[in-house]
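A structural walkthrough
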Amino acid sequence: MELLLVIIIGLLYAAGIYMMLRRSLVKLIIGLILLGNGANLLIFLLGKIVKGKPPIIGPNEKMLGEIYADPVPQALILTAIVISFGLQAFAIILIKRAYKVVKTDDLDEMYATDEDL
Amino acid sequence: MSNPYIVLPVIFQLFVAVTLMFSWTNKNLQKLISVVGSLIALLISILLLIKVNQEGIQTMQAGGWIAPFGITFVADTFSALLVLLTAISGLAVSVFSVGSIRNARVRFGYFPILHLLIMGLSGAFLTGDIFNLYVWFEIIIISSFVLITIGGEKAQLEGAIKYVAMNLLASVVFLTAIAILYGLTGSLNMADLSLQVAKVENRGLVNVTAILFLVGFGIKSAVFPLYFWLPASYHTPPPAISAIFGGLLTKVGVYAMLRVFTLIFVPDTFLTTVITVMAMLTIFSGGVGALMQNNIRKVFSYLIICHIGFMLAGLGIYSTLALAGAVFYLVHDIVVKTNLFMVSGLVFKIKGTYSMRLLGGFYKEQPLMSLLMAIPLFSLVGIPPLSGFWGKLLLIQGAMNSSNILLIGFILLGSFLTLFIIAKLWSEVFWKDPQVLPKKEHIKYFDELKPLKKRAMLASVVFLSILSLGIGFGAEWVMRIAMTVAGNLMDPSAYIQAVLGT
Amino acid sequence: MKTIIFKSASVYLLPLLLLFSVFILLRGHYLPGGGFVGGLMASIAFVIHSFANGVENTKNIVKFHPGFLMPVGLALALLAGSLPLFTGETFMTGLWMDQPVPVIGTVGTALFFDTGVYLVVIGVTLTIIFTISEGL
């Protein structure tokens, strides 16, 4: 399981960076989405994958006795997913607006910010 | 000491933002709420700083979950000081926006988002949890995305794409670094991490994680190889927005670096060397970049980069004196950079252009206003006894003590370049003979504005100018705070004890 | 989409999914679920309706601008979060009623916080979808 995840994370990072290096705006966003997913899986992997019980302390116990599954990575991933959902939605609307105004999808054509006023 | 009220600066900004959203259609009411809200926020943060100064580090465990399990908020002198500066900049920008922001932008929700941005900044300064810091960073960037695109002009959208892409990348790098750090230590609380990271035996992996953090924060604070998004985007939005960006957004990256690299990763020689080299190149490239520019807002954008280098140098030297210099410079820079972008907005409102070549004769036409604008400009250069001087003095002393001659050379070069650029700007914009500029249709000039709007814009510039004069002349007082902060940064045991309570 | 099956199904799916989203919201305190998931579920109900009948018709159902749900939800969440501050507890501490209410269970500030999240999520998602679908 770990090995599979490691390979998938590597592929996601590689694909994300490759897509980000393209000049197309849409590919840039796809690259960022892939990178974000890779980072989420990385948190999942590094939170240690164990076949453990839920981390609930019984009524008569003081602390967790058996092997338990760490709940923190899930909380972190959920938060990261929610945040990236908002950011990516914004980025998609932004590239749509930019495409309408600039009328190109090519990052090399976008040099209005470098023009001397 | 535990104190449930230290999150008030954050909660209050959210409250103001929600109130503003409810008065979405009434733009005058929005302006009133924003200014009054910023004033109260300023009061709250002053009280916070006084409280921290009197009673030491204040902590709050959100939801009553005890550290290191829950999310902790910590207000030490450094955090409280930066929250105060955020409130000051927020107030100034809010008042300036009353005069300068067009109604179309107010209708798209400019004011609520401005307050959400300030909420994010205050939260980032107060949190004591590394993942929570990530969440505040995301709140900051999403509000700044909306602010930078609001209005939707061509240059704005293009600048926004570069800004959005680089900041999203920075977030991913930051998240990756957090993931590795959590895998290494199993903790997210910064005070606890400080203890846990020291125990990790695989120092190579710790250094790799540190470099990932450096890259993530480096993109956000625009240091040498990672700054290219900043001059491509900061000059595109309206002046009020670039003022809050230029004043605070890069500084939150610097704050995160100062915090993480003193508390969690105590730098070894390798890290300090990397940071020092980055600082030198940042100073150099920012200064040289500013030389080449003609648009005054682009000049200031490059100067932001140049001066980020000074603060980074303080971290690179890594001694109490140098860190105090970095903190002093941070205080000065937030006030002055916010002011400078507002000044550039005023110049644009009066003359209708940002181009140095076209501007001229400002001193002849507006002698009093020129005098006012001279204060932030020359504070930036750091002519003694103005505020920029003292931070650099401390930095150079610190570098001298660690006998880093090359760094002193670069700091002096950076100061000299700044002086040269400001002198050039002064002679071009203020002293050169005026040219007749054609009146542009779509710009509302300063003379055509209502008196209230004029006064609002001037008042905020005057407010920040007096403040930067105050920092310069009251340097001893600021210096004492900066030394306290630096002392706490160098020896974080008080911080750790306050959070973990052991 | 033009299929008649999808179109007539969507009419019945909308109220069912909305009801289910409220169920998910309430059950989230003891079992998997919660405000965010419930909010997404509710907005999916509207998305399905807009696929079948066009965005314009969905906008007519919603009546008001969905963006208005954002400040309402935020205000509710803020109130629920800062209520403990008035009793001297820290921000976000859960305050609970002594007696359970029938059907819902024990009511606490967490329920109001979650309801706030639910409303914000619906508001944000619908605003995004309506914005993206403009002028396609």
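Residues numbered from 1 in each chain as written. Chains lettered and ligands numbered in written order. Predicted model: local features only at pLDDT ≥ 70, side-chain atom pairs only at ≥ 80, totals over all residues.

**Structural notes on the overall build of chain A**
Each helix and strand counted, chain A has 3 helices and 0 strands in total. Its helices and strands in sequence order give chain A the pattern α-α-α, from N to C terminus. When each of the 117 residues of chain A is scored for burial, the buried share is 27%. A separation threshold of at least 6 residues defines the contact pool for chain A, and within that pool the share at least 24 residues apart is 55%. (Helix = DSSP H or I, 4+ residues; strand = E, 2+ residues; numbered from the N terminus. Buried ≥ 20, exposed ≤ 12 C-beta atoms within 10 Å, placed from the backbone. Contact = placed C-beta atoms within 7 Å.)

**Re the overall build of chain B**
Looking only at helices and strands, chain B has 21 helices and 2 strands in total. Scored against the burial criterion, the 502 residues of chain B give a buried share of 64%. Here the contacts in chain B between residues at least 6 apart in sequence split such that 81% fall between residues at least 24 apart.

**Quick word on the nonpolar core**
The biggest cluster of nonpolar side chains holds 252 residues, and the ones touching the most others in it are B:Ile161, B:Ile178, B:Ala326, B:Val327 and B:Val331. If we ignore the near neighbours within four places in the chain, the residues touching B:Ile161 are A:Leu25, A:Leu94, A:Ile95, A:Ala98 and A:Met110. (Core = buried A, V, L, I, M, F, W, Y, C linked by C-beta atoms within 7 Å.)

**What about the interface of chain B and chain A?**
Of the residues lining the interface, 33 residues belong to chain B; the matching set on chain A comes to 29 residues. Put simply, the parts of the chain that give the side of chain B that touches chain A at least two residues each are helix 6 (130-149), helix 7 (154-185) and helix 10 (229-233) of chain B. Sort the elements by how many residues they give to the side of chain B that touches chain A and helix 7 of chain B lands first, with 18 residues. Considered class by class, the residues forming the side of chain B that touches chain A number 19 nonpolar, 11 polar and 3 charged. (Nonpolar A, V, L, I, M, F, W, Y, C, P; charged D, E, K, R; others polar.)

**What about the confidence of the model for chain B?**
Detailed reading of the predicted coordinates is not advisable wherever pLDDT falls low. Residue and element names in this part refer to chain B. Of all residues in chain B, 100% attain a pLDDT of 70 or more, and the chain-wide mean is 90. Within chain B, the element-level pLDDT minimum falls on helix 4 (residues 103-107), averaging 82, and the maximum on helix 5 (residues 110-126), averaging 94. Model confidence for the complex is summarised by a pTM of 0.94, with the ipTM given as 0.93. (pLDDT = per-residue confidence, 0-100.)

**Description of helix 4 (residues 69-86) of chain C**
An ideal rise of 1.5 Å per residue puts 26 Å on 18 residues; helix 4 of chain C measures up with 26 Å between its terminal C-alpha atoms. When the local axis directions of helix 4 of chain C are compared, the greatest deviation, roughly 25 degrees, occurs at C:Ala80, which is followed within four positions by the proline C:Pro84. Where helix 4 of chain C is buried, its residues meet helix 1 (8-22) of chain B together with helix 5 (109-133) of chain C. Once helix 4 of chain C ends, the next one or two residues include C:Gly88, with phi positive near 85 degrees. (Expected span 1.5 Å × (residues − 1). Bend = angle between axes of the 7 residues up to and from the residue.)

**Looking at the environment of B:Asn103**
Among the structural elements, B:Asn103 can be located in helix 4. B:Asn103 sits 75 residues away from B:Asn28 along the chain, and the two C-alpha atoms are 9.7 Å apart.

**As for the packing of helix 17 (residues 387-401) of chain B against helix 18 (residues 405-431) of chain B**
Residues and elements named next belong to chain B. Direction vectors running N to C along helix 17 and helix 18 enclose 160 degrees, while the axes themselves pass 9 Å from each other. Taken together, the axes of helix 17 and helix 18 are roughly antiparallel relative to one another. Both helix 17 and helix 18 take part in a crossing whose hand is left-handed. Of the residues in helix 18, those in contact with Lys392, Leu395, Ile396, Ala399 and Met400 of helix 17 are Leu407, Ile408, Ile411 and Ser415. In terms of residue class, the contact of helix 17 with helix 18 is built from 7 nonpolar, 1 polar and 1 charged. (Axes fitted to C-alpha atoms, helices over the stretch in contact; angles between N-to-C directions. Parallel < 35°, antiparallel > 145°, perpendicular 65-115°, else oblique. Left-handed = near helix turned anticlockwise from the far one by under 90°.)

**Some points on helix 2 (residues 35-53) of chain C**
In this model, helix 2 of chain C (19 residues) spans 27 Å end to end at C-alpha, consistent with the 27 Å of a helix rising 1.5 Å per residue. Buried positions along helix 2 of chain C lie against helix 3 (72-102) of chain A together with helix 1 (4-27), helix 3 (55-62) and helix 5 of chain C. In the stretch just after helix 2 of chain C, C:Gly54 is the one whose phi turns positive, near 90 degrees.

**A look at the pairing of strand 1 (residues 58-61) of chain B**
All names here are of chain B. Going residue by residue along strand 1, you find Gln58 and Met60 tucked away on one face and Thr59 and Gln61 tucked away on the opposite face as well. Judged from the 4 bridges that link them, strand 1 and strand 2 (residues 72-75) form a sheet pairing that is antiparallel. Paired with Gln58 across the bridge in strand 2 is Ala75. (Pairing = 2+ DSSP bridges.)

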